[in-house]
Each structure stands twice: as structure tokens, then as C-alpha cells.
Amino acid sequence: MGKQLLLEHVNVPGIEKLDVYRAHGGYKALEKALRMKPDELVEEVKKSGLRGRGGAGFPTGMKWSFLAKPEGVPRHLVCNADESEPGTFKDRYLMSHLPHLLVEGMIVSSFALGANTSYIYIRGELLYVYHILEKAIAEAYAAGLLGKNILGSGYDLDLYVQPGGGAYICGEETALIESLEGKRGNPRIKPPFPAVAGVWGRPTVVNNVETIAATVPIVNMGGEEYAKIGIGKSTGTKLISACGHINKPGVYEIELGLPVEEFLNSDQYCGGVKNGRKLKAVVAGGSSVPILPADLILTTAKGEPRLMSYESLADGGFQTGTMLGSGGFIVLDETASVVKNLWNFTRFYHHESCGQCSPCREGTGWMEKVLHRIVEGHGKPEDIDLLWDIQSKIDGKTICPLGDAASWPVASAIRHFRAEFEEYIKHPEKIKDVKHYYSVRNQTAPVA
Amino acid sequence: MPKVTIDGREIEVQKGTTILQAARMLGPDVAPPAMCYYSKLKTSGGYCRTCIVRVTKMNSQNPNPMPKPVASCRTEVMDGMEVVNFTSPEVLEARKGVVEFLLINHPLDCPVCDQAGECHLQDLGYEHGASTTRYDFERREFDKIDIGPYVQLHMTRCILCYRCVKTADQLTDGRVHGVINRGDVAEISTYIQNSIENEFSGNVIDVCPVGALTDKTFRFKSRVWFTKPVDAHRNCTKCSGKVRLWFKGSDVLRVTARKDQWGEVEDWICNDCRFDHKKVSDWNIEGPSPISHHSVISQNHYELVKLKLETGKKLNEVKGKKKESAK
């Protein structure tokens with residue numbers, strides 16, 4: 001097992017309680033941070049090379065330095081805990097087991113940004129995590145770690161947890177802000193970016209849970225030390241939530257740069273494909289990133305071994321590469337159906353489209369209907385080209401990235417598994433033998 | 001003041017002008033179509049994506065193109081920006097896709113729709129759409145709801161441009177209608193089936209680009225191309241009183257606000273003028289209205305389409321020649 005920066009004490013009993021957390025070195029980073037100047041903290045984060053863990057991988061230090069700081073206008077830090085990407089469940093794990101790590105990260109980051117009111121926007125379905133966080137925050141208030149004059153430093157911070165109504169779109173930062181303000185969660189049209197006008201028109205930084213938690217080890221060990229972990233521009237550790245046909249599904253903290261093959265087959269991590277079957281495909285970073293067939297996920301098109309890092313996974317662009325995304329590692333074995341899997345993803349995006357702009361509103365539904373027709377055995381030969389055309393007309397033409405997220409899986413599945421689509425259309429009678437393991441509405445039980 | 005080049009034509013505009021506004025200043029042969037943008041409504045635009053263009057040069061400092069097509073109605077011009085609209089086959093193809101998306105769930109009940117003849121979606125489909133559809137599923141339908149005595153809501157025809165929501169928001173206080181639900185079942189509705197009772201509620205009819213909001217007092221009375229528009233005014237205490245009367249013979253069948261070249265109202269009018277004054281004696285007649293290109297009432301309306309395509313072709317030829325001479 002590589003270096004554990006975030007999940008080091010995750011198995012300590014009672015770690016969700018403040019005294020146990022402090023006994024294991026908790027809130028040391030806060031004490032250290034409060035002795036520093038906010039600008040020095042931002043500098044440390046810049047030096048660490050930390051990149052956003054929510055999916056896009058934007059350098060966090062740079063994002064922080066873009067924050068507008070007009071005189072007399074309050075600034076806000078918002079933690080995006082609206083984790084709803086299919087295949088990603090790392091933030092839920094982190095928050096439910098180590099709530100104080102997030103709270104400490106929030107205080108440190110808020111201090112660095114000069115925010116006196118901060119919010120954790122949590123997905124509505126994670127109500128039990130909401131209660132865990134509320135408990136942790138109450139403990140922190142009681143211990144003087146939140147509220148007025150934190151640890152005698154003169155710095156004030158109020159931290160609120162806001163549960164959402166359960167919409168995937170509210171994970172998009174401007175939709176999140178709208179929802180936080182109590183409005184309909186529709187993404188805003190950018191510019192202005194949240195760094196200039198975010199919550200209530202004030203400068204706002206929106207960061208993922210894991211990004212904020214990562215500021216704690218960065219402050220503890222220093223930015224330069226943190227940057228030594230990892231590979232190239234992918235520094236530090238990353239939580240990967242692995243699921244699908246593997247022996248040991250779960251959340252793993254890896255050092256960025258770990259070879260994909262090792263992650264997949266090592267007993268420390270996924271433990272290999274289940275039942276000794278062959279690997280068919282992997283969706284490496286949550287449902288919206290392109291799916292890759294076995295040969296391309298293990299090695300790049302150039303023949304180099306592929307690593308778990310932002311750069312290596314993206315090697316080859318969308319033709320032969322994918323993205324690290326939010327770290328939802330979905331494994332499909334040889335018995336799985338890429339087409340049915342894709343239909344399931346497309347159903348999700350159809351259901352979650354906010355309906356604001358036309359390509360996504362109409363296109364996601366259309367793709368779902370065509371795919372449904374194919375998996376039901378009524379596909380037509382021209383459907384594959386039709387799907388390709390629909391996705392190309394959604395990709396890049398919408399207000400927010402949900403349109404892209406809906407079109408990339410379709411594009412990559414057709415690109416790498418066209419033969420399987422053709423098989424479905426030519427031999428609909430064979431479809432009944434194909435198993436798939438997702439709970440799908442109107443679906444008959446899979447053949448044992 | 002920033003200078004912007006759209007389809008090879010340069011114009012100098014005020015700072016803060018959007019690409020679409022600049023294109024409209026240049027004239028209808030470069031202006032992208034717009035279904036949701038409305039210059040009289042703040043924060044409108046950005047939703048329908050029909051006005052997408054490609055920015056081939058960001059500004060004079062940064063000659064890189066923007067990575068994705070942008071909504072011209074919400075993108076401000078920068079000095080030295082270069083934009084392609086009708087000259088770019090890629091933009092035309094993308095726009096064709098958007099038009100297709102807008103039409104796949106549209107009922108296409110034009111023969112019984114009061115908007116037919118002055119419908120922007122008809123124009124858009126004719127100018128930028130394909131002649132056939134590839135959509136062979138059942139089209140979406142909504143239950144009819146009653147939103148009051150004056151305005152007929154036909155949600156199945158709606159393209160969710162949000163114009164009526166913004167009109168109600170910005171013109172009146174106490175908006176009672178909005179968008180409910182999500183995705184492709186999102187709908188304009190009053191929550192819960194309140195009727196809209198407001199002095200200016202009739203304006204939502206004028207801003208609606210399709211037949212989703214129509215005038216109940218004009219319902220099924222006549223096709224619009226059989227009526228003759230005449231400008232008129234009266235002394236109104238609530239609004240400017242400047243309207244357009246639609247005559248059939250000597251009867252006033254309908255009163256609307258005056259619309260400009262882009263199909264946008266010039267002055268908002270009140271419900272009194274719109275619904276309750278349908279006698280010729282109520283009005284001072286000014287004369288026949290100039291008819292905009294956005295109306296099949298005007299003859300040779302679709303000539304302009306040809307003009308646009310020819311402009312594009314010519315500019316492409318010029319470009320080709322330049323390239324050849326460079327070789």
C-alpha cells in the first residue's frame with residue numbers, strides 16, 4: 001500500500017469523534033495554518049501542485065488565486081459534496097468516516113481565502129452523512145475550532161451544511177450555487193465565473209470534498225514535500241472508488257502514478273477481475289469519461305504502460321485515451337455488455353438533464369430511446385450512425401458540461417465497441433444471453 | 001471601442017456589446033437566428049443554442065480560437081475578435097443539429113396553430129433545418145392546463161426559451177408562473193394552476209417565439225396571413241398605447257404590440273389595450289405597418305435566405321482565392 005495521507009486513520013475506532021481525531025494528529029494543520037499568513041497558505045497549495053479532485057483536474061492553487069478580492073465584499077468557500085457521478089463514491093466514504101478531516105480542511109481553506117462564512121453543499125440522498133457532519137461541526141464549535149476567534153487567532157468562521165434536493169446537475173458549480181441560494185438548480189451562463197460572482201453575487205471558490213481534505217496534509221507536510229508524491233503534474237494521492245467485476249470493490253487511496261495494471265490486479269487494491277474472467281473494458285473516472293477496452297486501459301496507444309494519473313490516462317486524447325475524472329473506476333469483465341451498460345448511463349443523463357438548453361434536453365432523451373430500442377432487440381442498422389451524429393451535436397454545444405458528459409460515453413462506446421452494437425442489431429435473439437448487473441427498470445432478472 | 005469581424009465584415013461597437021448585437025448592427029444577412037434571446041429582457045438568451053457561432057480569433061492579443069462554439073447572444077465582443085457564422089459549414093451543421101433537437105418533440109401542428117405564419121420556429125426550420133426528420137419515436141405531450149381567461153398555454157409546443165418567465169419577472173411583480181420539473185419533461189406552469197391575473201400578462205403572448213402562448217380572444221378566428229396589420233394608438237394610462245391592429249375586413253381581430261425587424265416588441269402594452277379595445281373607434285389609426293422579414297405575410301420573405309447563403313458562398317470564394325494566391 002502506498003502513502004496514506006487522507007485515509008491513514010480511517011480504521012481507528014471512533015475517529016469520527018473530535019477527541020479521537022485530535023489524538024491522532026487532528027487539527028494540527030489548523031494550528032499551523034493560523035500561525036501563517038493567508039497568502040503563504042495559498043502559496044503552499046500552489047507549490048503542492050494539487051489539482052481539483054472533482055473531475056476536471058484544474059490546479060487548485062491557481063483557482064484560489066483567481067478569487068476576486070474587492071474591498072468590503074465578503075467571500076465564500078463552498079465545498080461541493082454533491083457527489084452523484086455513477087461509479088464515484090469516494091467523498092461519501094471520506095465524509096462519513098472522517099468528518100473532521102473535511103471540517104479541518106474547510107477551516108484551513110477558508111482562512112487561506114479570507115472567507116468568514118463557508119458552506120458544505122451535500123447531496124440530498126446522503127442525509128446520514130449530513131447528520132455526521134452536523135455532529136462534527138457542533139463538536140468543533142464547542143471546542144472553539146469554529147465560530148468567533150478560532151483558537152485565539154482573531155479569525156472568525158461559520159460553517160454550514162446544506163443538503164441539496166438530489167439532482168446530479170447541482171454538482172456543476174454554478175448550478176450548485178443557484179441551489180444553495182434556494183433557487184432552481186440550473187447552471188448559470190459563464191462568464192461571470194464564480195471567482196468573480198458566485199454565491200449571492202460574491203466572489204466564491206467551489207472545491208470538491210477531497211480537494212479540501214487534501215489541504216490538511218499539504219499544510220502539515222508543506223507544499224514542496226507534497227509535490228514529491230505522485231508523478232509529473234499529478235501530485236499527491238487520489239481516492240479511487242473501484243467497482244464492477246473485481247474481487248475487492250471499495251475506496252482506495254493511491255499515489256498518483258500507480259500503474260493501472262497494478263491497481264487492477266494487486267491484492268492491495270482491486271484484487272483482479274472476479275471469477276478469473278478476462279477484462280473487457282474499464283470506465284476509468286466515473287460514468288462520463290470515455291470507456292476504454294482492456295488493451296488500451298493497460299497500455300497507451302504508444303505501448304507504454306498506463307498509469308493512474310491525469311496525464312497518462314488522457315494520453316492519446318479521446319481517440320485512444322480517457323480521463324482520470326472523479327476517480328470512479330468501473331470494471332467490466334468479458335461477460336458484461338457495453339451496450340447495456342451504455343444504455344444505463346444514458347438513461348441516467350436523460351433523467352438528470354436540467355432541461356435548460358435544447359441540445360442536452362432533447363438529445364439525451366433521444367439517445368436513450370435509440371439505445372433502448374437496440375437493447376430490446378429492435379435496433380436498425382442506421383442507429384449506430386444516428387447515435388454518433390446525435391452525440392456529436394450535443395458535445396460542446398451546451399451551457400454546462402453535462403451535455404459533454406452525456407455524449408462522451410456514447411462516442412467512446414461506438415468508437416471502441418462498434419462490433420458489439422452491430423451484433424445487437426443483427427442478432428437480436430442472442431441478446432437474452434447477455435448478462436448485465438445493473439438494476440434497470442423494466443428489466444428481467446439476469447440469467448444465472 | 002472594440003472592433004469585431006463577423007463573416008469577414010468589420011464593425012466597431014460599444015464595449016459590452018454581444019456578438020449577436022454586433023451582427024444585428026451589420027444586418028440581417030450576418031445576424032444569427034435567436035429563439036430565446038430578447039434584447040428587451042435582461043439575462044435572456046443562452047438556452048436555445050441556435051445562435052451559436054465560432055470564434056476563430058479571441059482578440060488582438062490572443063489569436064487563438066475559442067475551443068467550443070459559443071452562444072453569440074451571451075458572448076461579449078473583444079477588440080480584434082473574428083467570428084464565423086454563415087461562412088462556416090461547421091457552424092451551419094451544428095445549428096442544423098440544434099434545430100433538429102428543437103423540432104423532434106415539437107408537435108408540428110402548424111395547420112391548427114394560431115402562431116403559424118408568424119412563428120419563429122417555422123422560419124428557423126425553413127432556413128436552417130433539414131427537410132425530413134430522423135426521429136421516429138412518439139413525441140412528448142403535456143396535459144393542458146388553464147392559466148386564465150386571456151392567455152392560452154399549449155405546453156406541447158413550447159421550446160423552453162424562458163422568455164415568458166423573464167417577461168413576467170421583469171415587467172410585473174409577483175410572478176406566478178415558471179418552469180417546473182426537469183429535463184425533457186420540464187414545463188412552463190403556474191404553481192398550482194393559478195390563473196395569471198396581471199395588467200401586463202398579455203405580453204407573454206408577444207414574446208413567445210412559438211405557439212405555446214397564444215391570445216384566447218383571437219383563438220381560431222383567422223390565419224394571420226389573412227389579416228392586415230395597421231399601426232394605431234390611444235391614450236392609455238397604463239402603457240404607451242402604441243399598438244398594432246390586425247384587421248380582417250373592417251373588424252379588428254387582434255391587438256398586439258408593435259414588433260421590430262427582429263420580431264421583438266417595441267413597447268410593452270397593457271391587457272386593457274390588448275384584449276378590451278377591439279373596436280376601430282377606440283383607436284387613432286396611423287397607417288399600415290411596415291412588415292418585418294420575420295413574417296410570411298411579407299412577400300418574398302424567404303428571398304433573404306438565398307441572400308445569406310450567397311453571401312456565405314461569395315465570402316468562401318474570396319477566402320479560397322486568397323489561399324490560392326498565397327500558395
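Please read all numbers here as calculations on a predicted model, not as lab measurements.

About the cut-offs
Residues numbered from 1 in each chain as written. Chains lettered and ligands numbered in written order. Predicted model: local features only at pLDDT ≥ 70, side-chain atom pairs only at ≥ 80, totals over all residues. Helix = DSSP H or I, 4+ residues; strand = E, 2+ residues; numbered from the N terminus. Rg over C-alpha atoms; globule rule 2.2 N^0.38 Å. Buried ≥ 20, exposed ≤ 12 C-beta atoms within 10 Å, placed from the backbone. Contact = placed C-beta atoms within 7 Å. Expected span 1.5 Å × (residues − 1). Pairing = 2+ DSSP bridges. Axes fitted to C-alpha atoms, helices over the stretch in contact; angles between N-to-C directions. Domains from an automatic or database assignment. Nonpolar A, V, L, I, M, F, W, Y, C, P; charged D, E, K, R; others polar. Parallel < 35°, antiparallel > 145°, perpendicular 65-115°, else oblique. Left-handed = near helix turned anticlockwise from the far one by under 90°.

Participant: Kindly report on the overall build of chain A, identifying the contributing residues and their values.
Facilitator: Helix and strand counts for chain A come out as 18 helices and 13 strands. A compact globule built from 448 residues should have a C-alpha radius of gyration of about 22 Å, and chain A, at 22 Å, falls within 12% of that. Along the first, second and third principal axes, the C-alpha atoms of chain A reach 75 × 45 × 40 Å. Burial status across chain A gives 55% buried among its 448 residues. Within chain A, contacts between residues at least 6 apart in sequence are counted, and of these 72% link residues at least 24 apart.

Participant: Let's hear about the overall build of chain B: which residues, and what values?
Facilitator: Per the secondary structure count, chain B includes 7 helices and 13 strands. When the 327 residues of chain B are sorted by exposure, 39% land in the buried category. Considering only contacts within chain B whose residues lie at least 6 apart along the sequence, 65% involve residues at least 24 apart.

Participant: Would you mind going over unusual backbone geometry in detail, with residue names and values included?
Facilitator: Residue and element names in this part refer to chain A. In this structure, the amide linkage connecting K190 to the following residue, P191, adopts the cis form with an omega of -5 degrees. The residue after P191, namely P192, is reached through a cis peptide bond having omega 5 degrees. Here P192 lies in the loop between helix 8 (173-180) and strand 4 (204-208). Of note, the phi angle at N149 is positive, near 50 degrees, even though the residue is not glycine. Overall, N149 belongs to the exposed group, with 10 C-beta atoms counted inside 10 Å.

Participant: Account for helix 16 (residues 358-375) of chain A, with residues named and values stated.
Facilitator: Residue and element names in this part refer to chain A. Over its 18 residues, helix 16 extends 26 Å from the first C-alpha to the last, a length consistent with the 26 Å expected when each residue adds 1.5 Å. Counting buried positions over the 18 residues of helix 16 gives 15, a clear majority of the element. Positive phi appears at G377, one or two residues downstream of helix 16, with a value of about 90 degrees.

Participant: Which residues make up the sheet that holds strand 12 (residues 251-257) of chain B, and what values go with them?
Facilitator: Residue and element names in this part refer to chain B. Spatially, the 4 strands line up as an open sheet ordered 12-11-10-13, and their pairing is antiparallel. Sheet topology places strand 12 and strand 13 (284-288) at the edges, where each strand pairs with a single neighbour. Across this sheet, the average inter-strand angle for adjacent strands is 35 degrees, counted without regard to direction. In this sheet, strand 12 lies alongside strand 11 (residues 242-248) in antiparallel orientation, the contact comprising 6 bridges. Within the sheet, the bridge partner assigned to F247 lies in strand 12 and is V252.

Participant: How would you summarise the sheet that holds strand 3 (residues 158-163) of chain A if you had to cite specific residues and measurements?
Facilitator: Residues and elements named next belong to chain A. Read from one edge of the open sheet, 4 strands run 3-2-1-4, paired in parallel fashion. Here the strands that pair on one side only, and so sit at the sheet edges, are strand 3 and strand 4. Pairwise comparison of adjacent strand axes, ignoring direction, gives a mean angle of 20 degrees for this sheet. Pairing between strand 1 (residues 76-81) and strand 2 (residues 117-122): 6 bridges, direction parallel. Pairing of C79 across the sheet is with I120, part of strand 2. In this fold helix 7 (residues 127-142) packs onto strand 2 and strand 3, with an angle of close to 170 degrees to the strand it touches most, strand 3.

Participant: Summarise the domain arrangement of chain A; cite the residues concerned and give the values.
Facilitator: Residue and element names in this part refer to chain A. Per the domain assignment, the segments making up chain A are domain 1 (18-228), domain 2 (234-333) and domain 3 (338-433). Each side of the interface is counted separately: domain 1 has 20 residues, and domain 2 has 18 residues. Counting only elements with at least two residues in the side of domain 1 that touches domain 2, the list comes to helix 5 (90-97), helix 9 (209-221) and helix 10 (223-228). Looking at which element gives the most residues to the side of domain 1 that touches domain 2, the answer is helix 5, with 3 residues.

Participant: Would you mind going over the interface of chain A and chain B in detail, with residue names and values included?
Facilitator: On the chain B side, the residues contacting the 22 residues of chain A number 25 residues. Of all the elements in the fold, those that place two or more residues in the side of chain A that touches chain B are helix 15 (338-352), helix 16 and helix 17 (383-394) of chain A. Here the residues of the side of chain A that touches chain B sort into 7 nonpolar, 9 polar and 6 charged.

Participant: Summarise the pairing of strand 11 of chain B; cite the residues concerned and give the values.
Facilitator: Residue and element names in this part refer to chain B. Where strand 10 (residues 228-233) lies against strand 11, 6 bridges are found, and the strand directions are antiparallel. Note that in strand 11 the partner of A232 across the bridge is V243. Hairpin geometry of strand 11 and strand 12 is characterised by an intervening segment of 2 residues between the two adjacent antiparallel strands and by a positive phi of about 65 degrees at G249.

Participant: Now, about the domain arrangement of chain B: what can you tell me, with residues and values included?
Facilitator: Under the domain assignment used here, chain B contains domain 1 (3-100), domain 2 (105-220) and domain 3 (221-289). Contacts between the two partners involve 15 residues from domain 1 of chain B and, on the opposite side, 17 residues from domain 2 of chain B.

Participant: Could you give me a rundown of the packing of helix 17 of chain A against helix 18 (residues 402-426) of chain A, with the residues and numbers involved?
Facilitator: Residue and element names in this part refer to chain A. With their axes 9 Å apart at the nearest point, helix 17 and helix 18 run at an angle of 170 degrees to one another. One way to sum up the angle between helix 17 and helix 18 is to call them roughly antiparallel. For the pair helix 17 and helix 18, the contacting residues are D383, I384, L387, W388, Q391 and I394 in the first and G403, A406, S407, V410, A411, I414, R418, F421 and I425 in the second. When its residues are assigned to classes, the contact of helix 17 with helix 18 shows 10 nonpolar, 3 polar and 2 charged.

Participant: Can you break down the packing of helix 16 of chain A against helix 2 (residues 89-104) of chain B residue by residue, with the values?
Facilitator: Remark: helix 16 of chain A packs on helix 2 of chain B, axes separated minimally by 9 Å, with the N-to-C direction vectors making an angle of 65 degrees. In terms of orientation, helix 16 of chain A lies roughly perpendicular with respect to helix 2 of chain B. Once helix 16 of chain A is placed against helix 2 of chain B, the crossing between them reads as left-handed. In this structure, helix 16 of chain A uses S358, P359, E362, G363 and W366 of chain A to contact helix 2 of chain B, whose residues at the interface are G97, V98, F101, L102 and I104 of chain B. Classifying every residue of the contact of helix 16 of chain A with helix 2 of chain B by side-chain character gives 6 nonpolar, 3 polar and 1 charged.

Participant: Pulling in residues and values, what's your account of the environment of P209 of chain B?
Facilitator: All names here are of chain B. Among the secondary structure elements, P209 is positioned in the loop between helix 5 (203-207) and strand 9 (213-215). Assessed through the 26 C-beta atoms surrounding it within 10 Å, P209 is described here as buried. Counting along the chain gives 112 residues from P209 to G97, while the straight-line C-alpha distance between them is 19 Å.

Participant: I'd like a rundown of the pairing of strand 8 (residues 187-190) of chain B, residues and numbers included.
Facilitator: Residue and element names in this part refer to chain B. Of the pairings in the sheet, the one linking strand 7 (residues 177-180) to strand 8 comprises 4 bridges and is antiparallel in character. Considered in strand 8, the bridge of H177 is made with T190. Between strand 7 and strand 8, which pair antiparallel one after the other, the connecting turn spans 6 residues, and N181 there sits at a positive phi close to 65 degrees.

Participant: Mind laying out the environment of C208 of chain B, listing which residues take part and the relevant values?
Facilitator: Residues and elements named next belong to chain B. Locating C208 in the fold gives a position in the loop between helix 5 and strand 9. Distance in space between the C-alpha atoms of C208 and L160 is 9.6 Å, their sequence separation being 48 residues. Beyond its immediate sequence surroundings of up to four residues, C208 is in contact with R163, C164 and L213.

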